[in-house]
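Listed below are the residues making up each chain.
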Amino acid sequence: MTQTDALTAAARRPGYIKLHDEAGFAGMRAAGRLVAEALDAVHDMIRPGLPTSAIDAFAFDFARSRGALPATLNYRGYGHSVCTSINHVVCHGMPDDRPLREGDVVNVDLTFVLDGWHGDSSRMYFVGEASRRARRLCEVTHEALMRGIAAIRPGAHLGDVGAAIQDYAEGERCSVVRDFCGHGLGRLFHDEPNVLHYGRVGEGPLLKPGMFFTVEPMINLGKPAVKILPDGWTAVTRDRSLSAQYEHAVGVTREGVEIFTQSPRGLFAPPPG
């Protein structure tokens, strides 16, 4: 989501960050696991020649068969159940009938609404054999996400999360996209707070138990600038460099952080080269 969308999402109270109880954690665990199970199943589908429209159809059927709804379907006019972002597409790529090609890398971003709770996650997939630079980018992006999540604990600040991501990614000679951010979620798809993937330690909102949000850094091999295509959704790198994204939905606990969207099959991280 863009930072502008984050600020204007319906039903939000600007600046008010909800704190959830154990019932909320239970709801988010169920929604997050369902999304993770669907993304695990996508792993078995990915191959050269597969149209991303097939992933979209699968996501819709998977959600409906389990009593859930795809949150993106008809959201602000978006007509698909999933986002599929290939190679230099940063985010919000729209599924279509063009086949995936050998060597592509594709991000699949999926959100389900289950019993009113939103599970939101994305991960990268290799189509056949990915190039060394694509593998490295995915490894850096995943590690940046996990370092950001490791900074989450009561008493820390959201700036600590962004700083951990930025410091690592830029230290690996990659760039952090600034046009999009993570977001609060729970009963709402997009809620407070905005979660920037860059920043300074000690800045931003204080983290408290019961806060739910996504961490979803978009990392480019080239420069961070992006542009939106005429369809109004698809964001691409201006220099056409490769981009990658990994996303987890998390909750702040009294002890630290809980990841709601862990892969049951251990398939979230990029496969070893």
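Scroll up for the structure.
Asks: Requested: an account of helix 2 (residues 22-45), with residues and values cited.
Replies: Along its 24 residues, helix 2 runs 35 Å from first to last C-alpha, staying within 8% of the 34 Å computed at 1.5 Å per residue. Between the side-chain oxygen at the start of helix 2 and the backbone nitrogen of Ala 23 there is a gap of 3.1 Å, and the oxygen is on Asp 21.

Asks: Explain the packing of aromatic side chains to me, using residue names and the numbers behind them.
Replies: Taken as a whole, this structure holds 8 aromatic pairs when the rule is applied. Centre to centre, the rings of Phe 62 and Phe 112 are 6.1 Å apart; their planes meet at 15°, and the pair counts as stacked. Of this pair, Phe 62 sits in helix 3 (residues 52-65) while Phe 112 sits in strand 4 (residues 105-114); the two residues are 50 residues apart in sequence, bridging distant segments of the chain. A ring pair is formed by Tyr 246 and Phe 268, whose centres lie 5.4 Å apart and whose planes are at 65°; its orientation type is edge-to-face. Taken together, the residues Tyr 246 in the loop between strand 13 (243-245) and strand 14 (248-252) and Phe 268 in the segment after strand 15 (257-259) connect sequence positions 22 residues apart. What makes Phe 268 buried here is its relative accessible area of 5%. A connected cluster of aromatic rings, assembled from ring pairs, spans Phe 25, Phe 212 and Phe 260. The ring of Phe 62 has Arg 66 lying over it, and the distance from NZ or CZ to the ring centre is 3.7 Å. The residue whose ring lies beneath Arg 178 is Tyr 198, and the NZ or CZ to ring-centre distance is 4.7 Å.

Asks: Describe the sheet that holds strand 6 (residues 175-176), and please don't skip the residues or the numbers.
Replies: Ordered in space as 6-10-13, the 3 strands form an open sheet in which the pairing is antiparallel. The sheet terminates laterally at strand 6 and strand 13, the two strands that pair on one side only. Across the sheet, helix 4 (residues 132-150) touches strand 10 (218-220) and strand 13, and the angle it forms with strand 13 is around 35°.

Asks: Describe helix 5 (residues 158-171), and please don't skip the residues or the numbers.
Replies: For the α-helix, the turn length of 3.6 residues means that residues three or four positions removed from each other point alike. Here helix 5 contains 14 residues, and its C-alpha end-to-end distance of 20 Å stays within 8% of the 20 Å for a straight helix at 1.5 Å per residue. Of all 14 residues in helix 5, 10 are buried; the element is thus mostly enclosed. Those residues of helix 5 that are buried lie in contact with helix 4, strand 6, strand 8 (191-195), strand 9 (212-215) and strand 10.

What counts, and where the lines are drawn
- Residues numbered from 1 in each chain as written.
- Predicted model: local features only at pLDDT ≥ 70, side-chain atom pairs only at ≥ 80, totals over all residues.
- Heavy atoms only, no water.
- Helix = DSSP H or I, 4+ residues; strand = E, 2+ residues; numbered from the N terminus.
- Expected span 1.5 Å × (residues − 1).
- Polar contact = N/O pair within 3.5 Å; in protein donor to acceptor, adjacent residues only side chain to side chain.
- Phe/Tyr/Trp six-rings, centres within 6.5 Å; stacked < 30°, edge-to-face > 60°.
- Buried < 20%, exposed > 50% of the residue type's maximum accessible area, 1.4 Å probe, protein only.
- Lys NZ or Arg CZ within 6 Å of the ring centre and 35° of its normal.
- Pairing = 2+ DSSP bridges.
- Contact = heavy atoms within 4.5 Å.
- Axes fitted to C-alpha atoms, helices over the stretch in contact; angles between N-to-C directions.

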